[in-house]
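Residue strings, one per chain:
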Amino acid sequence: MRLILLGPPGAGKGTQAQRLVKTLNIPQLSTGDMLRAAVAAGTPIGLKAKAVMESGALVSDDIVVGIINDRIDEPDAKRGFILDGFPRTLAQARALEAMLAAKGLKLDAAIELTVDAPKLVERIVQRAAEAKAAGMPARKDDDPEVFKSRLGAYERDTAAVTPFYRERGLLHEVDGMAPIGDVAKAIDAVVSEVAAA
Ligand code: AMP
């Protein structure tokens, strides 16, 4: 099973991806994690990516496409994988399509956790206020301004990617604002449907 999981910060993508890793027994391939590991290890890619990542911009398509190309050849990805944080641009989506075709592989589905952005911001603001009232240190990720900017970046990135998969009949939208259990059920229904196809 080869899946792409799309979803903004705060939509529960991490929770769902980790659950799928266990139920499907395939790895989660996160370009963000791989790039952070390259930065930490001081590899040539890490050295190139460090400043770009720190500025919040996107690393070049060539770098991330190269990382994914190598990673999906690893033995643990032979049975499939869940892509997380990739593709982020139309060029990456096209490169992935070409790369998989060259390896004789195909994508099964791109699952997008959709959110109501104003409601999601409200949730985060409330969570930050509750944490503050309880005397807990505020999480930087929950700072409403930081959160809004990450959400905006996600919306800009995926604006080009979702139509690409919709045109190919691969896009499945799941309501990410629903309770966790319902999101899990909806994702599992997509997985069963594409597995049976
Ligand atoms: P993430 O953990 O997915 O939010 O990624 C952290 C950072 O890594 C991003 O802000 C980008 O600088 C970089 N990054 C991760 N995935 C990609 C990608 N597919 N294309 C370009 N840059 C990426």
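What comes next is a walk through the structure. (Residues numbered from 1 in each chain as written. Predicted model: local features only at pLDDT ≥ 70, side-chain atom pairs only at ≥ 80, totals over all residues. Heavy atoms only, no water.)

Observations regarding the nonpolar core
Link 1 in the chain: Ranked by internal contacts, the top residues of the largest apolar core, which has 29 residues, are Ile-4, Ile-68, Leu-83, Leu-96 and Tyr-165.
Link 2 in the chain: Counting only elements with at least two residues in this core, the list comes to strand 1 (2–6), helix 2 (31–41), helix 4 (61–71), strand 3 (81–84), helix 5 (90–102) and helix 7 (144–167).
Link 3 in the chain: Considering every element that reaches this core, the biggest residue donor is helix 4, with 5 residues.
Link 4 in the chain: Setting aside residues no more than four positions away along its own chain, Tyr-165 makes contact with Ile-4, Pro-87, Ala-93, Leu-96, Leu-107, Ala-110, Leu-170 and Leu-171.
Link 5 in the chain: Ala-17, Leu-20, Val-183 and Val-190 belong to the second largest nonpolar core, which has 16 residues in total. (Core = buried A, V, L, I, M, F, W, Y, C linked by side-chain atoms within 4.5 Å. Buried < 20%, exposed > 50% of the residue type's maximum accessible area, 1.4 Å probe, protein only. Helix = DSSP H or I, 4+ residues; strand = E, 2+ residues; numbered from the N terminus. Contact = heavy atoms within 4.5 Å.)

Quick notes on the packing of aromatic side chains
Link 1 in the chain: Under the definition given, this model contains 1 aromatic pair.
Link 2 in the chain: Measuring from ring centre to ring centre gives 5.0 Å for Phe-164 and Tyr-165, while their planes differ by 85°; the resulting arrangement is edge-to-face. Pair check on accessibility: Phe-164 and Tyr-165 agree, each one buried.
Link 3 in the chain: Its end group placed over the ring of Phe-164, Arg-168 keeps NZ or CZ at 3.6 Å from the ring centre. (Phe/Tyr/Trp six-rings, centres within 6.5 Å; stacked < 30°, edge-to-face > 60°. Lys NZ or Arg CZ within 6 Å of the ring centre and 35° of its normal.)

Things to note about the site of the ligand
Link 1 in the chain: With respect to spatial proximity, 13 residues lie near the ligand, and among them Thr-31, Arg-36, Ala-57, Gly-85 and Gln-92 are the closest.
Link 2 in the chain: One of the side-chain nitrogen or oxygen atoms of Gln-92 is found 2.9 Å away from a nitrogen atom of the ligand.
Link 3 in the chain: Considered on its own, the ligand offers 480 Å² of accessible surface; in the complex 82% of this is hidden by protein.
Link 4 in the chain: With 4 residues, helix 2 is the largest single contributor of residues to the shell around the ligand.
Link 5 in the chain: For the shell around the ligand, the class distribution of residues is 7 nonpolar, 4 polar and 2 charged. (Near = heavy atom within 4 Å. Polar contact = N/O pair within 3.5 Å; in protein donor to acceptor, adjacent residues only side chain to side chain. Areas by Shrake-Rupley, 256 points an atom, 1.4 Å probe, with all protein chains shown as cover. Nonpolar A, V, L, I, M, F, W, Y, C, P; charged D, E, K, R; others polar.)

Quick look at the packing of helix 1 (residues 13–24) against helix 8 (residues 180–196)
Link 1 in the chain: Contact geometry for helix 1 and helix 8: axes closest at 11 Å, N-to-C directions at 50°. When the axis of helix 1 is compared with that of helix 8, the two are oblique. The two elements helix 1 and helix 8 meet at a crossing, and its hand is right-handed. Facing helix 1, whose interface residues are Thr-15, Gln-16, Arg-19, Leu-20 and Leu-24, helix 8 presents Ile-180, Val-183, Ala-184, Ile-187, Asp-188 and Val-191.
Link 2 in the chain: Tallied by class, residues from the contact of helix 1 with helix 8 come to 7 nonpolar, 2 polar and 2 charged. (Axes fitted to C-alpha atoms, helices over the stretch in contact; angles between N-to-C directions. Parallel < 35°, antiparallel > 145°, perpendicular 65-115°, else oblique. Left-handed = near helix turned anticlockwise from the far one by under 90°.)

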